Each structure stands twice: as C-alpha cells, then as structure tokens.
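# Chains, contacts and geometry: an overview
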Amino acid sequence: MGAFAHLDAAVTAGYNDCVALHSASVRPQHHDPRFQALYRRIRVTRADLDEFFWLHQEMQIMMRQAQDASVDNIGRLDTGVSLLPQAPLPTREPNTPGVLITRVNLAAVQTALRQAALKAEFQRSSGNTSLGLIDDPWDHSRALRDAWHADDLETRREQAAAARAFVERPGAATVLVPCPPLGSLTYPG
C-alpha cells in the first residue's frame, strides 16, 4: 500500500493535522495532485489548529532542550540526576479526533527524550561515583557547585515547561472549515 493510500485512509478516519503536513519532510509532496486532493478533504477547527501548532512547537522545544541538557552535563562531577522537564499535555476537549493523535505523538516524543536523557544521566552519575571511589583527590567542592548549578538549571527548565502549558484562545472558532491553503502554514521551528 502506498503512502497516498495510507494518507487517504487516515484522512477518512479523521486525521487532520494540517501543521504536520507542512513539515520539511512532507513539503515535497505539496506539488503532487494526489496529495493536493487529499489535503483539500481535510477539515479542522481554528481551536484545534491552534493546538496543533502548540503540539508541534512543543516537540521542537523538547528536542532542543534534550540537546541543551546533554551539553550542559558535559564535565559535571556531581552524582545527581536531572530530569528533562516537559510541558503538560492539553486537557481541553478537542473538536476533532486528529488532535488526540498528535497529543499521543507529543507524549511519545516527551517519553523517549526523557528516557534517553535519564539514561545518560545515570551513566554520568555512575561514572562519577566510580571515579570518586577510585580517585582519592576527588574535587568535592566542584561536585557540590556542579550539583547546585544543575539543580538551578532543572528548576528553571521546570518553570519554563509549566509556563509553556497550552492555553486555549478565548473565542477560537470550533466550526469545521477547510485547512488553510497548502503552503500557507509555516511549520514551527
């Protein structure tokens, strides 16, 4: 079964993530008449479209923060473990089932990134513990500074994640309309 048959089945089942269909990996299909015909069948509400943008933006933010956290932890001497904070998933009642699919995608991205970051943190921490047992002149004062700095960064990341929680725009339309014209949306970056 080809990609267009899968997309046709998804659209028939309620898939309507117009934002995802503007990502870099999908844009080359925009000129294909079969894709254009499928896209024209998709309906979305303005309220759901707002959430789609937020969900995709949050995926991008999580990926950047995972990269930043791994760089921030290079050379850390403490044995603490920092979590990768994540914004809470929206709890509003969506107007279309397609939003639920993208929420699941975000939850999967959040979980995978958090697990990868946690695994790296445990490896770093256990390595530092081993070095502390082997190396007698362990720099305890630097380890304490690193722990304080890591706790401070984690607190700020947690606050930033909480502040990013999705907030529905008052009065956002809940009437199904065609998606914005193909090529008119910019994928969050």
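Located above this text is the structure these notes cover.
Residues numbered from 1 in each chain as written. Predicted model: local features only at pLDDT ≥ 70, side-chain atom pairs only at ≥ 80, totals over all residues. Heavy atoms only, no water.

### Describing the pattern of salt bridges
- Applying the stated criterion to the full structure yields 15 salt bridges.
- Here Arg92 makes a salt bridge to Asp48, at a shortest N to O gap of 2.3 Å. Here Arg92, found in the loop between helix H3 (46–72) and helix H4 (98–134), pairs with Asp48, found in helix H3; they are 44 residues apart in sequence, far enough to count as distant.
- The exposure class assigned to Arg92 is buried, which follows from its relative accessible area of 11%.
- According to the relative accessible area criterion, Asp48 is buried, its value standing at 0%.
- With its nearest N and O atoms 2.7 Å apart, the salt bridge here joins Asp50 to Arg169. One end of the pair, Asp50, is in helix H3; the other, Arg169, is in the loop between helix H5 (140–163) and strand E2 (177–178), with 119 residues separating them in the sequence. (Salt bridge = Lys/Arg side-chain N within 4 Å of Asp/Glu carboxyl O. Helix = DSSP H or I, 4+ residues; strand = E, 2+ residues; numbered from the N terminus. Buried < 20%, exposed > 50% of the residue type's maximum accessible area, 1.4 Å probe, protein only.)

### Let's talk about the packing of helix H1 (residues 3–12) against helix H2 (residues 33–41)
- The N-to-C vectors of H1 and H2 enclose an angle of 5°; their axes lie 10 Å apart at closest approach. Overall, the two elements H1 and H2 adopt an arrangement that is roughly parallel. Counting all contacts with H1, which are made through Phe4, Leu7, Asp8, Val11 and Thr12, the residues of H2 involved are Arg34, Phe35, Leu38 and Arg41.
- Its residues assigned to classes, the contact of H1 with H2 comprises 5 nonpolar, 1 polar and 3 charged. (Axes fitted to C-alpha atoms, helices over the stretch in contact; angles between N-to-C directions. Parallel < 35°, antiparallel > 145°, perpendicular 65-115°, else oblique. Contact = heavy atoms within 4.5 Å. Nonpolar A, V, L, I, M, F, W, Y, C, P; charged D, E, K, R; others polar.)

### Let's talk about the layout of surface pockets
- The space that makes up the largest pocket amounts to roughly 270 Å³.
- Around the largest pocket, the lining comprises 20 residues; the ones closest to its centre are Ala69, Ser70, Asn73, Ala117 and Glu121.
- Those elements that provide at least two residues to the lining of the largest pocket are H3, H4 and H5.
- Per-element tally for the lining of the largest pocket: the top contributor is H4, with 6 residues.
- When its volume is computed, the second largest pocket comes out at roughly 160 Å³.
- The wall of the second largest pocket is formed by Ala3, Phe4, Leu7, Tyr15, Leu21, Val26, Gln29 and Phe35. (1 Å grid on protein atoms, 1.4 Å probe; cavity = no way out; pocket = protein on both sides within 12 Å on 5 of 7 lines; lining within 4 Å. Points joined across faces, edges and corners; volume = space filled by probe spheres on them.)

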